Amino acid sequence: AIAPGHGLAAVGRLRAALAAAVPLPRESNPMPAALRALSLARQRALVVLMMDLDDVGSHGQLRQAVRLLRPKHLPVVCGLLNPDLQEIGGRQARRWLDPYTSLAATEQVTRLSAAAAALRQLGAPVVLSHPARFEDAVFATYDRMRA
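Residues numbered from 1 in each chain as written. Predicted model: local features only at pLDDT ≥ 70, side-chain atom pairs only at ≥ 80, totals over all residues. Heavy atoms only, no water.

A. Representation of helix H5 (residues 98–121) in the model. Compared with the 34 Å implied by 1.5 Å per residue over 24 residues, the 35 Å span of H5 between its first and last C-alpha is a close match. Here H5 has its buried residues at Asp 98, Ser 102, Ala 105, Gln 108, Leu 112, Ala 115, Ala 116 and Leu 119. Looking one or two residues beyond H5, the residue adopting positive phi is Gly 123, at roughly 95°. (Helix = DSSP H or I, 4+ residues; strand = E, 2+ residues; numbered from the N terminus. Expected span 1.5 Å × (residues − 1). Buried < 20%, exposed > 50% of the residue type's maximum accessible area, 1.4 Å probe, protein only.)

So, in structure tokens, the structure goes:
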């Protein structure tokens, strides 16, 4: 957790913390993060939740976290898109297994889109981006929100 801050210094602290972060092989549960954000931010704040939106089990918890934060704060949910999913989903079948692989990839993209739509209905902007463009997409969303 990083205490709220202003300007480029706060962005620098955030980037340094994210660079030092190590993923853990655990189920995602955004509720503790939302509760921590509520305890840190006394005034209205932008709360960025970077989640693995592929984790279908966390979708209900993520909606609860957004509902908890939403009245006072502005939660933004960010997740990575697997760059291969859309390519696999649109690939022409050449082997007997290819249609099933394509269908699975298409279903995954559909699940991600549905999860993003449900979060947007709760009032939370959602950023889904390929890893190479992730940082730019998050900051572009922030810029649009400020405007």
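B. Helix H6 (residues 134–146), seen in detail. For H6, built from 13 residues, the straight-helix expectation of 18 Å at 1.5 Å per residue is met to within 8% by its first-to-last C-alpha distance of 19 Å. For H6, the full list of buried residues reads Phe 134, Val 138 and Thr 141. Projected down its long axis, H6 shows its buried positions confined to an angular sector of 60°, all on one face. For H6, exposure combined with an orientation more than 90 degrees from the buried face picks out Asp 136, Arg 144 and Arg 146. Buried-residue contacts for H6 involve strand S1 (46–50), strand S2 (74–80) and strand S3 (126–129). (Arc of directions from axis to C-beta. Contact = heavy atoms within 4.5 Å.)

C. The arrangement of the packing of helix H3 (residues 59–69) against H5 in detail. H5 packs onto H3 with a crossing angle of 20° between their chain directions and a minimal axis gap of 10 Å. Here H3 lies roughly parallel to H5, going by the angle between them. Here the hand of the crossing between H3 and H5 comes out right-handed. Contact with H3, carried on its side by His 59, Leu 62, Arg 63 and Val 66, involves Ala 115, Ala 118 and Leu 119 of H5 and no other residues of that element. Taken together, the residues that form the contact of H3 with H5 break down as five nonpolar, one polar and one charged. (Axes fitted to C-alpha atoms, helices over the stretch in contact; angles between N-to-C directions. Parallel < 35°, antiparallel > 145°, perpendicular 65-115°, else oblique. Left-handed = near helix turned anticlockwise from the far one by under 90°. Nonpolar A, V, L, I, M, F, W, Y, C, P; charged D, E, K, R; others polar.)

Geometric descriptors of this kind do not, in isolation, establish any biological role.
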